Amino acid sequence: MALLLALCAAAPLVFPQNALALEAGAPAALENLTLVTDPKGAHPADHALSVEVMRTEAEREHGLMDRRYLPADRGMLFQFDKVQNVLMWMKDTYIPLDMIFISRDGVVTHIHENAEPMSQAIISSNGPVYSVLEVNAGFARKIGLKPGDLVRHSLFKP
């Protein structure tokens, strides 16, 4: 009986580590991503970020909720199962964000700057996309990002 009680008491420790990290809002593994501004112009520039990639429905639903800080060189990339119109919101998100909407081939299609923290207002992709990149508010403007610029990551197929 004592052994059974000891095993039951230890049960919460055997949950998958990713589930506990997600619940606690802890960062997922980081992957490299590069934004290329003015890719066909006279002054193309690469801007490197480390991103957490949200691939599952549970990960996408939680996103940056409950986080109070996002380092300047970090972001969160949301991968969807197919190209589709995407609706986002900032419920329970404390950090003001820029949302960068991206096509399947890694082209920026739309940018929503300075999404309001804690808002339940719907933010639309304004057309079909495959992914959304969230970065600190002001980042897109700071690097001069605009629709037509490129995103390099293994997720995208040029």
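This is a predicted model, so every value here is computed, not measured.

The rules we used
- Residues numbered from 1 in each chain as written.
- Predicted model: local features only at pLDDT ≥ 70, side-chain atom pairs only at ≥ 80, totals over all residues.
- Heavy atoms only, no water.
- Pairing = 2+ DSSP bridges.
- Helix = DSSP H or I, 4+ residues; strand = E, 2+ residues; numbered from the N terminus.
- Axes fitted to C-alpha atoms, helices over the stretch in contact; angles between N-to-C directions.
- Contact = heavy atoms within 4.5 Å.
- Phe/Tyr/Trp six-rings, centres within 6.5 Å; stacked < 30°, edge-to-face > 60°.
- Lys NZ or Arg CZ within 6 Å of the ring centre and 35° of its normal.

(A) Summary view of the sheet that holds strand S4 (residues 97-102). Strand order in this open sheet of 7 strands is S5-S4-S6-S3-S2-S1-S7, and the pairing throughout is mixed. Across the chains shown, the open sheet's two edge strands, defined by having one partner strand only, are strand S5 (108-115) and strand S7 (150-152). Pairwise comparison of adjacent strand axes, ignoring direction, gives a mean angle of 35 degrees for this sheet. Pairing of strand S2 (residues 45-54) with strand S3 (residues 74-88) involves 5 bridges; the strand directions are parallel. Bridge pairing in S3 places Val53 opposite Leu77.

(B) Molecular detail of the side chain of Glu134. With respect to the secondary-structure elements, Glu134 resides in strand S6 (residues 123-136). Apart from the residues within four sequence positions on either side, Glu134 is in contact with Leu64, Gly75, Met76, Phe78, Met88, Leu97, Asp98 and Met99.

(C) Molecular detail of the packing of aromatic side chains. Counted by the stated rule, this structure contains 0 aromatic pairs. The positively charged end of Arg68 is found above the aromatic ring belonging to Tyr94, 3.6 Å away from the centroid. The positively charged end of Arg104 is found above the aromatic ring belonging to Tyr130, 4.1 Å away from the centroid.

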